[in-house]
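# Structural overview
In case you want the letters, here they are:
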Number of protein chains: 4
Amino acid sequence: MLIVMHHTATEAQIDRVLKAVEAMGLQAEPIPGSLRTAIGVLGNQGYVDDTTIRNLPGVRETIHVSKPYKLVSRDFHPESTAVQVGSAVFGADHPPVIIAGPCSIETEEQMLEGARIVKQAGADMLRGGAFKPRTGPHSFQGLGIEGLKLLRAAGDASGLPVVTEVMRIEQLPAICEHADMLQVGARNMQNFDLLKEVGKTGFPVLLKRGMSATLEEFLAAAEYIVAEGNNKVVLCERGIRTFEKATRNTLDLSVVPLIKQMSHLPIIVDPSHATGKRFLVPIMGKAALVAGADGLMVEVHPDPAKALCDGAQSLTGEDFTRLMAELESLKAVL
Amino acid sequence: MLIVMHHTATEAQIDRVLKAVEAMGLQAEPIPGSLRTAIGVLGNQGYVDDTTIRNLPGVRETIHVSKPYKLVSRDFHPESTAVQVGSAVFGADHPPVIIAGPCSIETEEQMLEGARIVKQAGADMLRGGAFKPRTGPHSFQGLGIEGLKLLRAAGDASGLPVVTEVMRIEQLPAICEHADMLQVGARNMQNFDLLKEVGKTGFPVLLKRGMSATLEEFLAAAEYIVAEGNNKVVLCERGIRTFEKATRNTLDLSVVPLIKQMSHLPIIVDPSHATGKRFLVPIMGKAALVAGADGLMVEVHPDPAKALCDGAQSLTGEDFTRLMAELESLKAVL
Amino acid sequence: MLIVMHHTATEAQIDRVLKAVEAMGLQAEPIPGSLRTAIGVLGNQGYVDDTTIRNLPGVRETIHVSKPYKLVSRDFHPESTAVQVGSAVFGADHPPVIIAGPCSIETEEQMLEGARIVKQAGADMLRGGAFKPRTGPHSFQGLGIEGLKLLRAAGDASGLPVVTEVMRIEQLPAICEHADMLQVGARNMQNFDLLKEVGKTGFPVLLKRGMSATLEEFLAAAEYIVAEGNNKVVLCERGIRTFEKATRNTLDLSVVPLIKQMSHLPIIVDPSHATGKRFLVPIMGKAALVAGADGLMVEVHPDPAKALCDGAQSLTGEDFTRLMAELESLKAVL
Amino acid sequence: MLIVMHHTATEAQIDRVLKAVEAMGLQAEPIPGSLRTAIGVLGNQGYVDDTTIRNLPGVRETIHVSKPYKLVSRDFHPESTAVQVGSAVFGADHPPVIIAGPCSIETEEQMLEGARIVKQAGADMLRGGAFKPRTGPHSFQGLGIEGLKLLRAAGDASGLPVVTEVMRIEQLPAICEHADMLQVGARNMQNFDLLKEVGKTGFPVLLKRGMSATLEEFLAAAEYIVAEGNNKVVLCERGIRTFEKATRNTLDLSVVPLIKQMSHLPIIVDPSHATGKRFLVPIMGKAALVAGADGLMVEVHPDPAKALCDGAQSLTGEDFTRLMAELESLKAVL
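- Where an unreviewed UniProt entry is consulted, chain A appears under the name 3-deoxy-7-phosphoheptulonate synthase, with the organism given as Geothermobacter hydrogeniphilus.

## Some details on the overall build of chain A
- Broken down by element type, chain A carries eleven helices and 14 strands.
- Along the first, second and third principal axes, the C-alpha set of chain A runs to 75 × 45 × 40 Å.
- In chain A, which comprises 334 residues, the proportion classed as buried is 65%.
- Taking the intrachain contacts of chain A between residues at least 6 apart in sequence as the baseline, contacts between residues at least 24 apart amount to 67%.
- When the accessible surface of chain A is totalled, it reaches about 10,700 Å², and 51% of it is carbon and sulfur.

## Focus: the pattern of salt bridges
Residue and element names in this part refer to chain B.
- Under the definition given, this model contains 80 salt bridges over all chains.
- Put simply, Arg60 and Glu61 hold a salt bridge, and the shortest N to O gap is 3.0 Å.
- Under the relative-accessibility criterion, Arg60 is labelled partly exposed at 22%.
- Assessed through its relative accessible area of 26%, Glu61 is described here as partly exposed.
- Two residues, Asp294 and Lys260, come together in a salt bridge whose shortest N-O distance is 2.6 Å.

## Observations concerning the sheet that holds strand β1 (residues 2-5) of chain C
Residue and element names in this part refer to chain C.
- Here we have four strands laid out as an open sheet, ordered β2-β3-β1-β4, and antiparallel in their pairing. Of all strands in the sheet, those bounded by a partner on one side alone are β2 (27-32) and β4 (59-63). Within the sheet, the average angular offset between the axes of one strand and its neighbour, ignoring direction, is 20°.
- Bridge analysis of β1 against β4 gives four bridges, and the strand direction is antiparallel. Bridging across to β4, Ile3 finds its partner in Thr62.

## So, the relation of the copies chain C and chain D
- Overlaying chain C with chain D gives an RMSD of 0.0 Å, the required rotation being 180° about an axis along which the chain moves by 0.0 Å. Such a combination of rotation and displacement between the chain copies is what one expects of a two-fold axis. Measuring from the rotation axis to each C-alpha of chain C, the shortest distance belongs to Ser212 of chain C, at 3.0 Å.
- When the interface residues of chain C are mapped onto chain D, 100% of them are again interface residues, pointing to one common binding face.

## Notes on the environment of Leu207 of chain A
Residues and elements named next belong to chain A.
- Residue position: Leu207 is located in strand β11 (residues 205-208).
- Along the sequence, Leu207 and Lys196 sit eleven residues apart, while their C-alpha atoms lie 12 Å from each other.
- Not counting residues up to four positions away in its chain, the partners in contact with Leu207 are Val184, Met189, Leu195, Phe218, Ala221, Ala222, Ile225, Val233, Val234, Leu235 and Cys236.

## Considerations on the UniProt feature "domain: DAHP synthetase I/KDSA" (unreviewed entry) in chain A
- The feature "domain: DAHP synthetase I/KDSA" (unreviewed entry), as given by UniProt, occupies residues 88-327 of chain A in the numbering adopted here.
- For residues 88-327 of chain A, helix accounts for 38% and strand for 15%, while the C-alpha atoms at its two ends are 17 Å apart.

## What about the sheet that holds strand β1 (residues 2-5) of chain B?
Residue and element names in this part refer to chain B.
- With respect to topology, four strands assemble into an open sheet ordered β2-β3-β1-β4, the strand pairing being antiparallel. Here the strands that pair on one side only, and so sit at the sheet edges, are β2 (27-32) and β4 (59-63). Taking each pair of neighbouring strands and ignoring which way they run, the sheet shows an average axis angle of 20°.
- Here β2 runs beside strand β3 (residues 37-42); their pairing, made up of six bridges, is antiparallel.

## Focus on the interface of chain C and chain D
- Contacts between the two partners involve 47 residues from chain C, matched on the other side by 47 residues from chain D.
- Together chain C and chain D conceal approximately 4,000 Å² of surface at their shared face, both sides included; 47% is due to carbon and sulfur atoms.
- Looking only at chain C, the three residues that lose the most surface to chain D are Asn55, Thr135 and Arg168 of chain C, adding up to 14% of its buried area.
- On the surface where chain C and chain D come into contact, there are six salt bridges.
- Residues Asp193 of chain D and Arg168 of chain C are paired through a salt bridge, measuring 3.3 Å at the closest nitrogen-oxygen approach.
- The tally of links between chain C and chain D comes to 21 residue pairs in polar contact (both at pLDDT 80 or more).
- Put simply, the parts of the chain that give the side of chain C that touches chain D at least two residues each are α2 (51-54), α6 (192-201) and α7 (215-226) of chain C.
- Ranked by residue count, the leading element in the side of chain C that touches chain D is α7 of chain C, at five residues.
- Across the side of chain C that touches chain D, the residue classes break down as 18 nonpolar, 14 polar and 15 charged.

## Comments concerning the packing of helix α3 (residues 108-121) of chain B against helix α11 (residues 317-333) of chain B
Residue and element names in this part refer to chain B.
- Across the interface, α3 lies against α11 with an axial gap of 9 Å and an inter-helix angle of 20°. Between α3 and α11, the crossing angle belongs to the class labelled roughly parallel. In the crossing of α3 with α11, the sense of the turn from one axis to the other is right-handed. Residue-level contacts link Ile117, Val118 and Ala121 of α3 to Gly317, Phe320, Thr321 and Met324 of α11.
- Classifying every residue of the contact of α3 with α11 gives five nonpolar, two polar and no charged.

## Observations regarding the relation of the copies chain B and chain A
- Turning chain B through 180° and shifting it by 0.0 Å along the axis lays it on chain A, with an RMSD of 0.1 Å.
- When the interface residues of chain B are mapped onto chain A, 100% of them again lie at the interface, so the same face is used by both copies.

Calculation rules
Residues numbered from 1 in each chain as written. Chains lettered and ligands numbered in written order. Predicted model: local features only at pLDDT ≥ 70, side-chain atom pairs only at ≥ 80, totals over all residues. Heavy atoms only, no water. Helix = DSSP H or I, 4+ residues; strand = E, 2+ residues; numbered from the N terminus. Buried < 20%, exposed > 50% of the residue type's maximum accessible area, 1.4 Å probe, protein only. Contact = heavy atoms within 4.5 Å. Areas by Shrake-Rupley, 256 points an atom, 1.4 Å probe, with all protein chains shown as cover. Salt bridge = Lys/Arg side-chain N within 4 Å of Asp/Glu carboxyl O. Pairing = 2+ DSSP bridges. Axes fitted to C-alpha atoms, helices over the stretch in contact; angles between N-to-C directions. Least-squares fit on C-alpha atoms with pLDDT ≥ 70 in both. UniProt positions renumbered as here; feature names shortened; annotations may be inferred. Buried area = accessible area lost by both parts, 1.4 Å probe. Polar contact = N/O pair within 3.5 Å; in protein donor to acceptor, adjacent residues only side chain to side chain. Nonpolar A, V, L, I, M, F, W, Y, C, P; charged D, E, K, R; others polar. Parallel < 35°, antiparallel > 145°, perpendicular 65-115°, else oblique. Left-handed = near helix turned anticlockwise from the far one by under 90°.

Take a look at the structure:
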């Protein structure tokens, strides 16, 4: 940590800061400049809580060099982590994992047909939401436990491992009974209690980036799960909120190589939620793989026009089959 | 809702959309323009789920006129709602309610002294966090139940009603036992299950705006609580996330008069979290009242330099006493 | 400047950075930490160009302590600067200056009547646009030189100094002939050549914040003008671009006290462009004064329904007269 | 355009709006809903200036269906436009054009060597800045006319067409003498007078997206150039400003396919300015081509560590040669 003093800071103020740093069991190294003094803080083993320092008179700002995460950092764990979910393996030189399926679980036919379609096209995992986070309380909220059973049956029928979203802690036993991987959605990325409990299950977790989460916050959220002894975390970029409204969110593909540099965890991309427009999904999915994503999560619905949720961004079976073929030829050059 | 067709849409495509609208039990009114056709949708009693429409061929976009909330809207409930919490009353022509206290509950002395200070200066309610949402798992996470008891004791000693944050559903019984008002924090604004359960308690709720929540989403989150039969909701603007990093968040004061126009619920402002800088808190607190806020929530700590959390934005007792005096003279002209 | 090395940086890499700093004529102070080494850079008289350093192997990041401006900083010029424009004086303990008038200059009658109204209500300066920046080329682009003459005549008739926007360098002679203060609009805040030429005129300048400009960039833009020997710069906050679309822009009132701490220049607020909604203008104008603004710029039109530009955010004469009365009572408590 | 009335709007207010629409020579179609009335506006040939309407009592909002641009829209010009600059052709089924070279022109050796390197690696055009937009006035501002001559000489020596940025109108004659294509930078995207004058030259123009420009504003800026009779406009996505600071800007690749759907103009991507980090440039450049970009603009410097500007994001000759080889194999599957 670096402490920057106001250029008007007195000797006494600087002295008090030095003493405060030492009281924290750390070393303080004054760096007198021509305009102002800065003070380097040494000896910390990680992120320093700077509260007591920032409050001292004469302090202009503190600048953190260490980050609020450690276990997920590549600095401390240089080898890439592979996360296995049934027959699918994310990361660490495995081919990209394609998760596909409808936004929400609606009927048995829809799920069986959806699973059949995506399996036939070559998908590696099946998705489907039983508990749905919806902006307003008057929209369809998902089938709940009944939906979980339909998802499991469709996964079994097609031979695909399944992932589904958990919204509250009490749902964990039921979801762990029926699913192979737990998804924490963007709106819950900083629901820290949920992260802890999800971590404790030991299940593989798909953690979506919050819509206004910085990379640092995203990795710190993953740290909550890993801190419970569960390093089976797959990150998922799904677009961030910006001033631009031409797409549902702004897909931030640069984070893929950036996260792979900063962390050992795998990262996949969800081009469906990021763009919100069907015609953009395949093209941005391909761009994501080129950017180094360890997989994709794509919404596919047997009949998008009848989808109860997010139909406008769902691919048809035909769209998805075409995309899978294009991904194949792309993989050849990656 | 307005459906805008592509300028290349065929008659058959337009016809199919008209039929789809009618199949939803609504009326469709074609509006042929010189460049393209639009279709007005009539007869809906609220927000229309446009999924099936947006997917039809020839549709460029759908534009919502109705909103995803209704119960919190002033359209349907023209009179302002007053929310009472013990001796404090928010909104509907009552004087602004000042909530003050430390960010987190740390010790008995800190809470008793903190409560004494803010009561003496004229605060109406006491705040303090027992369960703390922290970006990373390695920071102080709050005292939990023990903290709730300290908060209650400090409230009782000072005669102030108390508010504290709930982070997970299981905490509700304990918090309802010790607190007078439940706070849902910014990170949980779209934790919809928590909103529902908080609604069911019937307790007054302080709902903070998510850091990237639009006004529409903010009101739709409140709708979740009110839809459970609990209209004792006080909204709280606490700054939004933008590109500007000179302040912790960007305080969006314009939403105060805007929300008062759109909704009947009271709205208060938290200048401490919004700005993150102590010297900005009093001045922005005053500006908030001028903008029409029904109250303020201000972090006050007997000794900010020793605060375990957010000390840099906490006022001292002296700062707060001065602010309360300034607010008094300001109220005279409001 | 602080240079942070990767935790894997070798001794040789650190050594090369130390030498590079010294080659720039500065001192390098290594700060060996338990996880990584940082290097403090001393001896610089201002902002350091870090290009050569950031490129060296082993460097993770550079952190600037100095800012890209100096002349506008309060560090170097502790006394507040007052900017005089005819009878109006901005800043340094003078009462707030109220600039009012129509968005664009349309007709002689409109300007004379507009000037009469705002003068009678107590405004200090008259505004009006002769050259208009419009998003698309098919909108009304302003009356040009003819408009300048109408503005001057209206200013003379009412006894108010006038301010108008300059969009291109060639307009400067004409504008300097007819106006008392030059406005640089938000879209031109980083039109650096325009800033330099505006600086050379020696005229007072009203510099609006760019819609996505950080405070640092805003002050650095002002530095361009002051660097030409012209310190008659009045800053103007007019809202920034964020994800929130309920208002035209997000008015960032916290920058008012923040800029007054960082810079000696006056700062005013434009609530009309910030909010884009007439009913929000008076309330946010009052909040701005409470936040410490040295003045306001308000759009007033004798007949907003007939305005060629921005009518929806223009006050009527009656609205404005009421606002001025409210500002009077507010000033009593400031 | 759709006019949405408040649900409390009276018959008289609705009637007044209908009359106002008709007074504009357009047709008004009332759409009475169960909650409120909306009014469709028909007969307009493009974007409607809604000022007079929005101001009328009882109007809640106006919703635009038409856009503030027309000439650049694919609706009105379905065939893709190809833009030729010497031997390079952008768009309309031509292979991607790779523009490469240093951020700023520094010395004759640097330019000749830079041009030689990029030509040898297979670049199609040479870039280099003679006039540099810098945040603060104390940074290197470019070599000016002298730089233009060095650029021309390097272009001639290597046989590559050259592009350089224009910052002010007076520079146009000199730049048109020495360059083959004019670049308008992000900070000047809404410098409308510059756009008009650039349009009048008839030269090919590279128009960079403003850092907070919406797609609609970006296309409307291009419309300014095309409205002068010059349709040789190549758009360039270079990242937008968001809350995320891990990259210099947030590269918004989804706009590439989106713009290609909305407009007939070619669009390229600048991964150097978007990311600001050298190691991200090749990977995001490849992703951009997969997203459908008609070309790339990449910063390459013979010796980035000595670059006077943006060295940290410049590729070395070796990096660039590797990137070009990777692009070749990628093109095989596109």
